[in-house]
Amino acid sequence: MFGIGSQELVVILVIVLILFGGSKLPDLAKSLGKSMKEFKKGIGAEPEAEQTPKPQPAAPTIPASPQACGY
């Protein structure tokens, strides 16, 4: 994957367990799962938005008048 072996992975997991504690790990995994789900939903929705072009607003027409100023 990233050149991480099994021993390095175990050391990282032990450090995470020490930092966050056993009681907070399920909450951390739950929030990580929700954020990954939202990220995938956002990535999947972006190409659909690009396919539908937005209509350009019509340019306002200015009537031609012989005088530029009323004064």
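Model, not experiment: these values are computed from the prediction.

1. Focus: the overall build of the protein
Okay, step 1: Counting its secondary structure elements, the protein contains 2 helices and 0 strands.
Okay, step 2: Taken over 71 residues, the protein has a buried fraction of 0%.

2. Remarks on a nonpolar patch on the surface
Okay, step 1: Taken together, the side chains of Val11, Ile15, Leu19, Phe20 and Leu28 present a nonpolar region at the surface, about 470 Å² in accessible area.
Okay, step 2: Its location among the elements puts Leu19 in helix H1 (residues 6-20).
Okay, step 3: Owing to a relative accessible area of 64%, Leu19 belongs among the exposed residues under this scheme.

About the cut-offs
Residues numbered from 1 in each chain as written. Predicted model: local features only at pLDDT ≥ 70, side-chain atom pairs only at ≥ 80, totals over all residues. Heavy atoms only, no water. Helix = DSSP H or I, 4+ residues; strand = E, 2+ residues; numbered from the N terminus. Buried < 20%, exposed > 50% of the residue type's maximum accessible area, 1.4 Å probe, protein only. Patch = residues over 30% accessible without salt bridge, like charges linked within 9 Å, V, L, I, M, F, W, Y side chains within 5 Å. Areas by Shrake-Rupley, 256 points an atom, 1.4 Å probe, with all protein chains shown as cover. Salt bridge = Lys/Arg side-chain N within 4 Å of Asp/Glu carboxyl O.

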